[in-house]
Amino acid sequence: MEQAHTNNTAHSSFFRREYIYKGFERFWHWTQALLIVFLMITGFEIHGSFSLLGYEEAVLFHDIAAWALIILIIFTIFWHFATGEWKQYIPSAKFLKEQFKYYISGIFKGAPHPTKKTSYNKFNPLQRLTYLGLKLFIMPAQIITGILYMFYMYPKSIVQIGGLELVAVTHTLLAFMLITFLIVHLYLLTTNEHPSESVKAMITGWEEIEVEQEQLHKEHMRDAIDKSAAGYYRLDKNGIFIDVNKSWLSMYKYEKNEDIIGKHFSVSRSGEHVEILNSLIKRALNGEHIKGTKVQRQCADGSVGFHTLSMNPTYDEKNEIVGAEGFILDITNEKNT
Ligand code: HEM
């Protein structure tokens with residue numbers, strides 16, 4: 001995901017290149033955009049708004065582009081479900097109000113964007129809602145009225161019962177809605193800090209993403225923990241494992257995280273050593289910082305090992321203690337010699 005590294009900016013945030021849009025997604029976006037613009041032009045020529053290709057040609061090209069769009073949409077639906085990307089469109093109430101307020105007032109005062117883009121969360125809540133509306137209502141309705149329009153010429157079609165007028169008016173109305181969407185879509189693009197970067201991202205897939213220093217720090221810490229030779233563990237208030245690193249797993253002879261996450265700390269000790277660890281945890285939950293205590297562990301395969309252990313309380317945003325974490329260093333060999 002992460003490619004080049006960081007370059008500093010004034011507000012203790014950094015820019016980092018991230019892969020946001022996948023190949024098919026970019027192909028689909030630009031092909032759909034071209035087809036819709038082309039359908040708009042030929043459609044409004046059919047409507048009689050202007051004369052460019054001639055009525056007969058406009059109808060022919062409108063039909064061809066319409067089928068191309070339908071095929072593209074079928075493939076895109078499959079792609080969204082096969083890759084799980086459909087989840088990007090689930091409407092989220094979180095930040096919706098902030099995003100809305102940003103567009104109606106904050107944006108004019110130079111306020112910061114209320115939400116951040118990531119490859120996992122590439123749309124802001126307002127985008128989610130408008131794209132979902134487009135995909136679930138406007139495009140399907142446009143396709144349905146378009147197909148009804150196409151088959152009007154066949155005798156006894158349902159359109160003839162309902163009347164072509166209704167189909168034509170609805171199709172044209174939806175065309176205006178699509179034009180509105182396109183204008184808003186392009187306007188919102190210009191409100192990005194670097195609009196040309198956003199366009200480039202939709203072409204290359206990569207975008208410069210702003211990362212807060214704090215977020216970066218957390219990621220670096222996580223990285224250091226993952227690569228550390230020391231074992232790392234984190235427990236919640238009830239003594240349940242909520243995080244361990246690779247070194248911890250190997251010292252305890254577990255294969256994968258899932259084998260230990262969610263379990264009580266007592267599985268990592270035997271006999272009186274359960275009580276020793278229990279009292280250490282109690283002290284940490286009371287705010288004490290425990291350094292370098294030698295302890296005995298019970299490994300997954302039933303064998304025992306020795307390590308030194310540090311334990312510190314962990315805090316939530318309100319500065320309340322919510323658990324304990326620390327590092328362990330293996331001393332089994334020292335003990336055995
Ligand atoms: C896959 C989707 C679509 C299908 C199947 C479709 C089909 C059709 C058909 C069959 C006609 C009538 C042509 C005739 O008079 O023989 C038509 C007209 C039209 N289409 Fe589409 N179309 C689609 C998408 C679009 C899109 C995306 C737009 C614009 C954004 C659009 C705008 C129009 C307009 C403005 C007319 C003229 C309506 C009128 O005044 O009667 N269409 N379309």
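What counts and how
- Residues numbered from 1 in each chain as written.
- Predicted model: local features only at pLDDT ≥ 70, side-chain atom pairs only at ≥ 80, totals over all residues.
- Helix = DSSP H or I, 4+ residues; strand = E, 2+ residues; numbered from the N terminus.
- Expected span 1.5 Å × (residues − 1).
- Buried ≥ 20, exposed ≤ 12 C-beta atoms within 10 Å, placed from the backbone.
- Contact = placed C-beta atoms within 7 Å.
- Axes fitted to C-alpha atoms, helices over the stretch in contact; angles between N-to-C directions.
- Parallel < 35°, antiparallel > 145°, perpendicular 65-115°, else oblique.
- Left-handed = near helix turned anticlockwise from the far one by under 90°.
- Pairing = 2+ DSSP bridges.
- Near = placed C-beta within 6 Å.

Caption draft 1: Representation of helix H1 (residues 23–47). The end-to-end C-alpha separation of H1 is 36 Å, in line with the 36 Å expected for 25 residues at 1.5 Å each. Buried residues of H1: Ile-36, Leu-39, Thr-42, Gly-43 and Glu-45, and no others. In the core, the buried residues of H1 are packed alongside helix H2 (55–83) and helix H6 (164–190).

Caption draft 2: How the structure looks around the packing of H1 against H2. Look at H1 against H2: their axes get within 9 Å of each other, and the N-to-C directions meet at 155°. Our classification of the angle between H1 and H2 gives roughly antiparallel. The crossing of H1 and H2 is left-handed. Residues Phe-24, Trp-28, Thr-31, Gln-32, Leu-35, Phe-38, Leu-39, Thr-42, Gly-43, Glu-45 and Ile-46 of H1 pack against Tyr-55, Ala-58, Val-59, Phe-61, His-62, Ala-65, Ala-66, Ala-68, Leu-69, Leu-72, Thr-76 and Trp-79 of H2.

Caption draft 3: A look at the pairing of strand E6 (residues 290–298). Strand direction decides the pairing type here: E6 and strand E7 (residues 304–315), joined by seven bridges, are antiparallel. Residue pairing in the sheet places Gln-296 in a bridge with Phe-306 of E7. Hairpin connection from E6 to E7: five residues lie between these consecutive antiparallel strands, with Gly-302 at a positive phi of about 95°.

Caption draft 4: How the structure looks around the sheet that holds strand E4 (residues 231–236). As summarised here, the arrangement of the five strands in space is E5-E4-E8-E7-E6, forming an open sheet in which the pairing is antiparallel. Either end of the sheet is taken by a strand with one partner, and the two such strands are strand E5 (241–244) and E6. Averaged over all pairs of adjacent strands, the angle between their axes in this sheet comes to 30°, without regard to strand direction. Sheet analysis places E4 next to E5, joined by three bridges and oriented antiparallel. Within E5, the position partnered with Leu-235 by the bridge is Phe-241. Each of E4, E6, E7 and strand E8 (321–330) is contacted by helix H10 (residues 272–285), which is oriented at about 150° to E6, the strand it contacts most.

Caption draft 5: The environment of His-29, seen in detail. Along the chain, the position of His-29 falls in helix H1. Assessed through the 14 C-beta atoms surrounding it within 10 Å, His-29 is described here as partly exposed. As a C-alpha pair, His-29 and Met-202 span 173 residues in sequence and 8.0 Å in three-dimensional space.

Caption draft 6: View of the site of the ligand. Around the ligand, 23 residues are found, and the nearest of them are Leu-39, Gly-43, His-47, Ala-66 and Gly-146. Of all the secondary structure elements, the ones that give two or more residues to the shell around the ligand are H1, H2, helix H4 (125–150) and H6. By residue number, the principal contributor to the shell around the ligand is H1, which donates seven residues.

Caption draft 7: Focus on the pairing of E4. Taking every second residue as pointing to the same face, the buried face of E4 carries Gly-231, Tyr-233 and Leu-235, while none of Tyr-232, Arg-234 and Asp-236 on the other face is buried. Two strands pair when backbone bridges link them, and E4 and E8 are joined in this way by six bridges, in the antiparallel orientation. Directly across from Leu-235, in E8, lies its bridge partner Ala-324. Counting the residues in the hairpin turn of E4 and E5 gives four residues, including Gly-239, whose phi is positive at 80°.

Caption draft 8: Highlighting H10. For H10, spanning 14 residues, the distance from its first C-alpha to its last is 20 Å, which sits close to the expected 20 Å at 1.5 Å a residue. On the buried face of H10, the contacting elements are E4, E6, E7 and E8. Looking one or two residues past H10, Gly-287 carries a phi angle of roughly 100°, positive in sign.

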